[in-house]
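Listed below are the residues making up each chain.
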Amino acid sequence: MKKDKEKNYRRISKFLSLVLRHQPEKIHLTMDENGWVSVSQLLSNMNKFQHKIGMELLEEVVETNEKKRFAFNEDKTKIRANQGHSVQVDLAYTAKTPPEILYHGTAIKFTDSIYKTGLQKKKRHHVHLSKDFETAEKVGRRHGQLVVFEINTTKMVAENFKFFKSENGVWLVEEIPVKFLKEIHRD
Ligand code: HQG
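The structure contained in this document is the topic of the report that follows. (Residues numbered from 1 in each chain as written. Predicted model: local features only at pLDDT ≥ 70, side-chain atom pairs only at ≥ 80, totals over all residues. Heavy atoms only, no water.)

1. Some points on the site of the ligand
Here comes step 1: Of all residues adjacent to the ligand, which total 18 residues, the nearest are Lys67, His104, Thr106, Ser113 and His143.
Here comes step 2: Within the side chain of Lys67, one N or O atom sits 2.7 Å away from an oxygen atom of the ligand.
Here comes step 3: Here an oxygen atom of the ligand and a side-chain polar atom of His128 are 3.1 Å apart.
Here comes step 4: When the ligand is considered free in solution it has 780 Å² of accessible area, and contact with the protein chains removes 89% of it.
Here comes step 5: Mapped onto the shell around the ligand, the elements with two or more residues apiece are β4 (101-107) and α4 (111-117).
Here comes step 6: The greatest single-element share of the shell around the ligand, amounting to three residues, is contributed by α4.
Here comes step 7: The residue makeup of the shell around the ligand, split by class, is four nonpolar, eight polar and six charged.
Here comes step 8: Of the domains in this structure, domain 1 (2-81) and domain 2 (101-184) are the two that each give at least three residues to the shell around the ligand. (Near = heavy atom within 4 Å. Polar contact = N/O pair within 3.5 Å; in protein donor to acceptor, adjacent residues only side chain to side chain. Areas by Shrake-Rupley, 256 points an atom, 1.4 Å probe, with all protein chains shown as cover. Helix = DSSP H or I, 4+ residues; strand = E, 2+ residues; numbered from the N terminus. Nonpolar A, V, L, I, M, F, W, Y, C, P; charged D, E, K, R; others polar. Domains from an automatic or database assignment.)

See below:
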């Protein structure tokens with residue numbers, strides 16, 4: 001993809017994350033309890049607020065997004081973020097059996113607190129986990145110097161923790177107590 005095009009897609013994707021996960025009111029969007037927003041309202045309000053976009057461009061941004069952050073409903077009249085919300089929404093996830101090992105990347109500066117209380121969901125609805133080390137590494141480095149935890153999910157499932165998988169392959173769980181955390185990498 002051309003550099004400029006890529007940059008524009010990234011800019012739009014960031015803005016969509018903001019309004020579909022955190023602040024729909026920023027451009028006066030109405031979001032239903034499952035996180036859906038009307039596509040025509042989104043396009044018209046984005047344009048009102050100086051974010052030039054049409055249906056074709058929106059479709060391309062959704063399709064090419066490397067983390068599949070957004071999804072349309074079947075007839076493409078509605079759109080929502082697949083995960084990562086801070087606003088209250090019910091994405092109707094069903095519990096699934098996770099892979100035996102999952103990873104969580106975070107920053108060294110958080111570890112004192114993490115070793116006291118375990119991994120907490122903070123502003124989001126769940127703690128986010130990755131199925132491979134490399135993804136956890138990327139997620140973690142966003143916050144600072146990297147530390148990666150390995151989580152043995154079999155033990156957690158045996159203790160009745162419920163795992164969910166979002167549309168885009170991120171694994172979610174309510175919290176991870178300290179006893180399930182195994183530190184496997186520190187920068
Ligand atoms: C940390 C990205 C102190 C936690 C990624 C994390 C992901 C604690 C931070 C998605 C803690 C929250 C989520 C405790 C947890 N004390 N710090 N007890 N428990 N933390 O951004 O997992 O680009 O909300 O380790 O791909 O970094 O948005 O979560 O560092 O899937 O699509 O608190 O965001 O996707 O940070 O990332 P975040 P995350 P998107």
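So that's the structure; there's more coming.
2. So, the pattern of salt bridges
Two side chains of opposite charge can pair, provided their charged atoms sit close to one another.
Here comes step 1: Scanning all chains against the criterion turns up ten salt bridges.
Here comes step 2: With a shortest N-O distance of 2.9 Å, Glu174 and Lys121 are connected by a salt bridge. Note that Glu174 is positioned in the loop between β8 (171-173) and β9 (181-186) and Lys121 in the loop between α4 and β5 (127-129), a separation of 53 residues in sequence.
Here comes step 3: Look at Lys121 and you get partly exposed, because its relative accessible area is 31%.
Here comes step 4: Here Glu183 ties to Arg186 by a salt bridge, and the two come within 2.6 Å at their closest N and O atoms.
Here comes step 5: The network of salt bridges with shared partners includes Glu59, Glu63 and Lys76. (Salt bridge = Lys/Arg side-chain N within 4 Å of Asp/Glu carboxyl O. Buried < 20%, exposed > 50% of the residue type's maximum accessible area, 1.4 Å probe, protein only.)

3. Focus: the nonpolar core
Here comes step 1: In terms of nonpolar packing, the biggest core is built from 21 residues, with Leu16, Leu20, Leu42, Met46, Leu58 and Ile79 touching the most fellow members.
Here comes step 2: For this core, the element with the highest residue contribution is helix α1 (residues 3-22), accounting for six residues.
Here comes step 3: Beyond its immediate chain neighbours, meaning those up to four positions away, Ile79 contacts Leu20, Gly35, Trp36, Val37, Val39, Leu42, Leu58, Val62, Phe70, Ala71 and Phe72.
Here comes step 4: Listed in part, the 16 residues of the second largest apolar core include Leu102, Val127, Ile151 and Ile176. (Core = buried A, V, L, I, M, F, W, Y, C linked by side-chain atoms within 4.5 Å. Contact = heavy atoms within 4.5 Å.)

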